[in-house]
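Descriptive analysis of the structure
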Amino acid sequence: MERQNFTESASKTNNSTILEAKDLTRRFGGLVAVNNVSFAVQKHEIFGLIGPNGAGKTTLFNLITCLLQPSGGQLIYRGEEVSQRRPHEIAAKGISRTFQNIRLFGELSALENVTIGRHVHSRSGNAVSALVSGMLGLPAAVKEERETKQKAQELLEMVGLSDRAQEKAKNFPYGDQRRLEIARALALEPQVLLLDEPAAGMNPSEKHQLGEFIRDIRSRFNLTVILIEHHVPLVMGLCDRIAVLNFGKLIALGAPAVVRNDPTVIEAYLGDE
């Protein structure tokens, strides 16, 4: 891949751009975890983010979801600079995620986990206010809570967990917990869905099914998907474009076939794969 073409791809934006990183940088003391990273993600795209362990991928996800604020650069979402927003604000705007280490409420049921995700769209604006309104038995709150549970049940059905809606999340096997976490992320009605190593711990058959599932939810919910994933065949077969990080720097950006044959990427990450 010619460096000139890579630079042009990294800075390319147009009317279909939904998310753009402009020279994003994050420092932790003397460590630069993300170093002047720039790229643009297009609407309805499945965009892959790969690289060695410690390359800065999850830190970049944390910047996009405002769990961290950048040391420099900008994050543009739908034309608005959002890097200084709070996490709940960015979620309400339409960016949702899963985590590398699953973060479910283990003592709550599957239905309750997904319902919590729905409360960002409640008229009261947060789960606490919605709970208080429901406890008071206000008619509007009761109706809204009923609709919220119905939509949560529909999401559980979509991920194949509707028959276990009342089971505690901690009792689910690993693969089902992954699917439950995706259902909860979808409950926020995102426009951009970030998946952090969704295939971790899955066997080859489950990984194939996951790829089909991601394509399906992209189409069904008109989503843009950004995913971190170490399973190279899944990334290469699923993503429209791929960005490669190494030591916090963007070293390649392009279509899977181009990235796969980039000597810099082969040396830094892919090796003989």
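Small disclaimer: the values here were computed from a predicted structure and weren't measured.

1. Describing the confidence of the model for the chain
Counting all residues, the mean pLDDT for the chain is 86, and 85% of those residues have values of 70 or more. The model gives residues 1–5 a pLDDT under 50, and that stretch makes 9 contacts with residues more than four places away or in other chains. Within the model, pLDDT remains below 50 along residues 7–11, and this stretch shows 7 contacts once partners closer than five positions in the same chain are excluded.

2. A few points about the packing of helix H4 (residues 110–118) against helix H7 (residues 174–187)
Packing of H4 against H7 leaves a shortest axis separation of 7 Å and a crossing angle of 30 degrees. It follows from the interaxial angle that H4 and H7 lie roughly parallel. With respect to the hand of their crossing, H4 and H7 are arranged in right-handed fashion. Across the interface between the two elements, Ala110, Asn113, Val114, Gly117 and Arg118 of H4 pack against Leu180, Ala183, Arg184 and Ala187 of H7. In terms of residue class, the contact of H4 with H7 is built from 5 nonpolar, 2 polar and 2 charged.

3. What to know about the packing of aromatic side chains
Think of a pair of aromatic rings as described by two things: how far the centres are apart, and how the planes are tilted against each other in angle. In total, this model carries 1 aromatic pair according to the counting rule given. With a centroid separation of 5.3 Å and an interplanar angle of 20 degrees, the aromatic rings of phenylalanine 39 and phenylalanine 47 are classed as stacked. Pair check on accessibility: phenylalanine 39 and phenylalanine 47 agree, each one buried. Positioned above the aromatic ring of phenylalanine 99, the side-chain terminus of arginine 103 is 4.1 Å from the ring centre.

Parameters and conventions
Residues numbered from 1 in each chain as written. Predicted model: local features only at pLDDT ≥ 70, side-chain atom pairs only at ≥ 80, totals over all residues. Heavy atoms only, no water. pLDDT = per-residue confidence, 0-100. Contact = heavy atoms within 4.5 Å. Axes fitted to C-alpha atoms, helices over the stretch in contact; angles between N-to-C directions. Helix = DSSP H or I, 4+ residues; strand = E, 2+ residues; numbered from the N terminus. Parallel < 35°, antiparallel > 145°, perpendicular 65-115°, else oblique. Left-handed = near helix turned anticlockwise from the far one by under 90°. Nonpolar A, V, L, I, M, F, W, Y, C, P; charged D, E, K, R; others polar. Phe/Tyr/Trp six-rings, centres within 6.5 Å; stacked < 30°, edge-to-face > 60°. Buried < 20%, exposed > 50% of the residue type's maximum accessible area, 1.4 Å probe, protein only. Lys NZ or Arg CZ within 6 Å of the ring centre and 35° of its normal.

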